[in-house]
Amino acid sequence: MSILIKNGRVITSSEDRMVDVYADSETITRIEENIDPSTLPDDTQIIDARNRYVFPGFIDPHVHIHLPFMGTNAIDDHESATKAALAGGTTSIIEMICPGPDDEPAAAYGQWSELAKAGACCDWSFHLGIVRFDDLAQRQVRDLVEHHGVRSFKIFLAYKGALDISDENLFKLMRLAKELDIVITAHCENAEAVDAMQQALVSEGKSGPEWHEPSRPRSVEVDGVNHLCTFAELTGARIYIVHTSCGDAVARAMAAQAAGVDVIVESVVPHLVLDSSWAQRGDFEGAKYVMSPPLRDPEEHDRLWEAIESRHVSTIGTDHAPFNFIGQKDMGRDAFTRIPNGIPSIQERVDLVHTYGVCAGRIDLQTMVNSCSTQAARTFGMYPRKGEIAIGSDADLVIYDPTHETPFCESDSLSRVDYCGYEGMERRGRAEVVVLRGRVVAREGQYVGDDAGGREIQRDFSTSAPS
Ligand code: URP
Ligand code: ZN
Ligand code: ZN
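What you see is a predicted model; the values in this text were computed from it and never measured.

Q: Looking at this structure, how should I read the coordination of the zinc ion (ligand 3)?
A: Any two of four tetrahedral donors ideally make an angle of 109.5 degrees at the metal, while pairs among six octahedral donors ideally make 90 or 180 degrees. Protein coordination at the zinc ion (ligand 3): the donors are His62 (NE2), His64 (NE2) and Asp319 (OD), at 2.0 to 2.1 Å from the metal. Taken together, the 4 donor atoms surrounding the zinc ion (ligand 3) define angles of 87 to 144° at the centre, an arrangement classified as irregular. Of note, the donors binding the zinc ion (ligand 3) are all from one chain and are spaced H-x1-H-x254-D. Separation of the zinc ion (ligand 3) from the zinc ion (ligand 2) amounts to 3.6 Å. One end of the pair, histidine 62, is in strand 8 (residues 58-63); the other, aspartate 319, is in the loop between strand 17 (315-317) and helix 11 (349-358), with 257 residues separating them in the sequence. Among the residues examined, aspartate 319 registers a relative accessible area of 7% and is labelled buried.

As C-alpha cells, then:
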C-alpha cells in the first residue's frame, strides 16, 4: 500500500514549501513538486491537501497513561489515550513509567510495556521512572538500558515520600546516566518546601484548590531547577527539565546552560494557555486545574512563549494526566493536597499551540513543528525517523486544516476523562487527516485505524541530537 499527499504546503522545522509527498508502505520515498500519480502503483491512496498544511507527525514527549498516583489511577488506558493523541495529530508519545517506591524497575518496565503493546494505537516509547534505587534496582536499570532499549530516565524532586528521589540516589543516578549516555528528565520542585507549605496552609484552614499554587510558588520550582542543574554540573549528565511553568525557571536553566550544563527545557500546554485563576473557580471546579507545577499568573504565558520563540524552551508536551472530576478530583474536597494532580491535554495540544501560539502571532509555523515534534525526536533519539519529512523518514504526516473553527468541547474528546480542561475556548485549526507509517488512522477528529496498531520506537542517539 502506498500513499500520495498532493498539493499541500509542507512545513517542517526548517522548511516551508509546496511539494508532494509519497510514501511506499511505511516510509517516505519521494518529495517532489507535482508527482504524477500515473507513475505510481494503481492502489496508491491519493489525498488532496490543497489549502492545507502538511506537518510531520507530532510527538508528545511527556504523557501519563498508566499512572497509579495519589491513591488512584489515571482514567485513560493505552487505547483511549493513543486514539485521542492521533485524533489530535500526535503520532508518537513518550510515556512516563512511574513505579512506586517499593517497585522493581524491571517489573515496572515489563508491566508498562505489556499495557502499551496490548492497547497503543500510536507509536510509543518510555521514560523510565527511577524511584527505588537500591543495589538490585541499580543492576536492573543498567540491564534495561543495555539490553532493552531504555534511553531516558524520569525523576521527581517533588512528591515527598511518594515518588521523590534522595540526593544520594540522585547523584548515583546522574553518574550512571552520564556513563550510559542517557537523558534524565526531571520534575523540579523542592519536595520539602512544598510539604511544609502544604501543612501550614491546611492547618490554617486554607484547603481549597485555590491554595495549591501558593503551596508551591515559583521560587520552589526555581530552587528545584537550580538543585538539578548543580548535580548535572557535578556529574556531566544531560538533563531535560519537564513542564517548566515560569520565566524564572527557564532563566535559571539558561544560566546553567551558559555555564556549560547540558540542559534542555520543556513546557507543557496547560502552562501556556491556562492561568492560576482557573484553579480559583468556585464549586470546587478549580480542582480540574490542579497540576504541578501549578498554573501561574497570566504574565508567565508571554515569558514562556517568548522562550519557545527564541528556542530556549525546546519542546512543548502535554503532561497528559487524566483524572475524572467526579470520583477522583473530588477526593480532595476537604484538602487540596489530596486532589490528584494533572490536566488532560493529549488531544488538544496541537490545536492549542496553533491557536494560541501561531494564530496569536507568538510563534511561526516552523517553530510550532520544531517544538511539538522535531526537538522531541532529536532529544530522545528518534530523529530523523520521527519529527521530520524527509526521504527515509517514517510516513507520519498530519494534513492540517488551519481554517477550521470550533471551540474545544468535552464531547469531541476520545480520552475517557469526564471533562475538557479547555471547554469553550477558541480553537482554530484541526488535524483533518492523520497518517501513521503510511496508513490513515484519524480523520476530522475521529479514529479510523486498527486497534493496537502502534509500535515501540527504537531510539538511537548516534543519529540524533538536539539542535
Ligand atoms: O500535575 C501533574 N503534573 N501530574 C502528573 C504527575 C507529574 O508531576 O508529572
Ligand atoms: Zn511532574
Ligand atoms: Zn508528568
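Here the narrative resumes.
Q: What exactly am I supposed to notice about the coordination of the zinc ion (ligand 2) here?
A: For the zinc ion (ligand 2), the full set of protein donor atoms is His187 (ND1) and His243 (NE2), at a range of 2.1 Å. Classification of the site at the zinc ion (ligand 2) rests on its 4 donor atoms, whose angles at the metal span 57 to 150°, yielding the label irregular. Using a relative accessible area of 1% as the deciding quantity, one classes histidine 187 as buried.

Q: I tried to follow the pairing of strand 1 (residues 2-6) on my own but got confused; where do I start?
A: Each regular strand carries side chains that alternate between the two faces of the sheet. Burial of strand 1 is extensive: 5 of the 5 residues sit out of reach of the surface. Of the two faces of strand 1, the one holding Ser2, Leu4 and Lys6 and the one holding Ile3 and Ile5 are both buried throughout. The pairing of strand 1 with strand 4 (residues 20-24) spans 4 bridges and is antiparallel. Of the residues in strand 4, the one forming a bridge with leucine 4 is tyrosine 22. Sheet topology places strand 1 next to strand 6 (residues 45-48); 4 bridges connect them, and they run parallel. Residue pairing across strands places leucine 4 opposite isoleucine 46, the latter belonging to strand 6.

Q: Would you take a moment to explain the nonpolar core for this structure?
A: Across soluble globular proteins, nonpolar side chains have a tendency to be buried as a group. Residues Phe55, Phe153, Ile155, Leu228 and Tyr422 are the most contacted members of the largest nonpolar core, which totals 100 residues. Once residues within four sequence positions are removed from consideration, tyrosine 422 is found in contact with Val269, Pro270, Val273, Leu274, Ile343, Pro344, Ser345, Glu348, Leu352 and Phe408.

Q: Where do I start with the site of ligand 1 in this structure?
A: The full set of residues close to ligand 1 is His62, His64, Phe156, Tyr159, His187, His243, Met291, Ser292, Asp319, Ala321, Asn341 and Gly342. Residue histidine 187 places a side-chain N or O atom 3.0 Å away from an oxygen atom belonging to ligand 1. In the model, an oxygen atom of ligand 1 is placed 3.5 Å from a nitrogen or oxygen of the glycine 342 main chain. Protein contact buries 100% of the 270 Å² of open area that ligand 1 shows by itself. Broken down by class, the residue content of the shell around ligand 1 amounts to 4 nonpolar, 7 polar and 1 charged.

Q: Please explain the packing of aromatic side chains as it appears in this structure.
A: Two descriptors summarise a pair of aromatic rings, namely the distance from one centre to the other and the angle between the planes of the rings. Applying the stated criterion to the full structure yields 12 aromatic pairs. With a centroid separation of 4.8 Å and 65° between ring planes, the pair formed by tyrosine 240 and phenylalanine 380 is classed as edge-to-face. On the criterion of sequence distance, the pair formed by tyrosine 240 in strand 15 (residues 239-241) and phenylalanine 380 in the loop between helix 12 (365-379) and strand 18 (397-405) is long-range, its members being 140 residues apart. On the numbers, 6.2 Å between centres and 55° between planes, the contact of phenylalanine 408 with tyrosine 422 is tilted. Remark: tyrosine 422 occurs in the loop between strand 18 and strand 19 (428-436) and phenylalanine 408 occurs in the loop between strand 18 and strand 19; sequence separation between them is 14 residues. We note that phenylalanine 408, like tyrosine 422, is buried. In this structure, lysine 288 is placed above the aromatic ring of phenylalanine 325, and the distance from its NZ or CZ to the ring centre is 5.0 Å. Positioned above the aromatic ring of phenylalanine 408, the side-chain terminus of arginine 427 is 5.7 Å from the ring centre.

Q: How should I be thinking about the packing of helix 3 (residues 135-148) against helix 4 (residues 167-180) in this particular structure?
A: The angle between the axes and the distance between the axes are what describe a pair of packed helices. In contact at an axis separation of 12 Å, helix 3 and helix 4 are set at 25° when each is read in the N-to-C sense. If you check the angle between helix 3 and helix 4, you find them roughly parallel. As for the relative orientation of helix 3 and helix 4, their crossing is right-handed in sense. Touching Gln138, Val141, Arg142, Val145 and Glu146 of helix 3 are Lys172, Leu176, Glu179 and Leu180, all from helix 4. Here the contact of helix 3 with helix 4 is composed, by residue class, of 4 nonpolar, 1 polar and 4 charged.

Q: Whenever I open this one, the sheet that holds strand 6 confuses me. Can you help?
A: Pairing between the strands of a sheet comes from backbone hydrogen bonds, and it takes one of two forms, parallel or antiparallel. The 4 strands are arranged 5-4-1-6 in an open sheet whose pairing can be described as mixed. In the strand order of this sheet, the two ends are held by strand 5 (27-32) and strand 6, each with one partner. Pairs of neighbouring strands in the sheet enclose a mean axial angle of 15°, with direction left out of account.

Q: Where do I start with unusual backbone geometry in this structure?
A: Comment: phi is negative for the bulk of residues other than glycine, and the bulk of peptide bonds are trans. Each neighbour pair has its own omega, and for serine 292 with proline 293 the value is -10°, a cis peptide bond. By secondary structure assignment, the location of proline 293 is in the loop between helix 9 (269-273) and helix 10 (299-309). That bond from tyrosine 383 to proline 384 is cis: its omega, 5°, falls within 30 degrees of zero. Tracing the backbone through its elements, the reader meets proline 384 in the loop between helix 12 and strand 18. Notably, aspartate 181 is not glycine yet its phi reads approximately 60°, a positive angle. By the secondary structure assignment, aspartate 181 is in the loop between helix 4 and strand 14 (183-187). Its identity is not glycine, yet phenylalanine 284 carries a phi of approximately 70°, on the positive side. If you trace the backbone, phenylalanine 284 turns up in the loop between helix 9 and helix 10.

Parameters at a glance
Residue indices begin from 1 for each chain and proceed along its sequence in written order. A letter from A marks each chain and a number from 1 marks each ligand, given out in the order of writing. Totals for whole chains, interfaces and linings use all residues, but because this is a predicted model, local features are given only for residues with pLDDT of at least 70 and pairs of side-chain atoms are given and counted only at 80 or more. Hydrogens and waters are ignored; side-chain quantities use all the structure's heavy atoms. Any N, O or S atom lying within 2.8 Å of the metal counts as a donor, with the limit raised to 3.2 Å for Na, K and Ca; because water is left out of the atom set, some sites can appear incomplete. Between 85 and 135 degrees for all angles marks four donors as tetrahedral; over 155 degrees for opposite donors together with 65 to 115 for all other angles marks four donors as square planar and six as octahedral; every other arrangement is irregular. Strands here mean DSSP runs of E at least two residues long; helices mean DSSP runs of H or I at least four residues long; both are numbered from the N terminus. Relative accessible area decides the class of each residue, using a 1.4 Å probe on protein chains only: under 20% of the type maximum gives buried, over 50% gives exposed, and in between gives partly exposed. The criterion for strand pairing is that DSSP finds at least two bridges linking the strands in question. Working definition of a nonpolar core: buried Ala, Val, Leu, Ile, Met, Phe, Trp, Tyr and Cys residues. They are joined through side-chain atoms within 4.5 Å. Contact criterion: two residues are considered in contact whenever any of their non-hydrogen atoms come within 4.5 Å of each other. The criterion for a residue being near a molecule or strand is simple. One of its heavy atoms has to lie within 4 Å of it. Two N or O atoms form a polar contact when they lie within 3.5 Å of each other; inside protein one atom must be a possible hydrogen donor and the other a possible acceptor, and for residues adjacent in sequence the pair counts only when both atoms belong to side chains. Accessible surface area values rest on a Shrake-Rupley calculation with a 1.4 Å probe, where residue burial reflects the displayed protein chains alone. Gly is put with the polar residues, along with every residue not named as nonpolar or charged; the nonpolar set is Ala, Val, Leu, Ile, Met, Phe, Trp, Tyr, Cys and Pro, and the charged set is Asp, Glu, Lys and Arg. Aromatic pairs are defined between Phe, Tyr and Trp rings, using the six-membered ring for Trp, whenever the two ring centres lie within 6.5 Å; interplanar angles under 30 degrees are classed as stacked, those over 60 as edge-to-face, and all others as tilted. Only Lys NZ and Arg CZ are tested; either one counts as a charge over a ring when it is within 6 Å of the ring centre and within 35 degrees of the ring normal. Fitted lines through C-alpha atoms serve as axes, helices being fitted only where they are in contact, and the angles separating the N-to-C directions of these axes extend from 0 to 180 degrees. Should an angle fall under 35 degrees it is taken as roughly parallel, and over 145 as roughly antiparallel, whereas 65 to 115 is taken as roughly perpendicular and any remaining angle as oblique. Handedness of each helix crossing follows the sense of rotation of the near helix against the far helix: counterclockwise by less than a right angle gives left-handed, clockwise gives right-handed.

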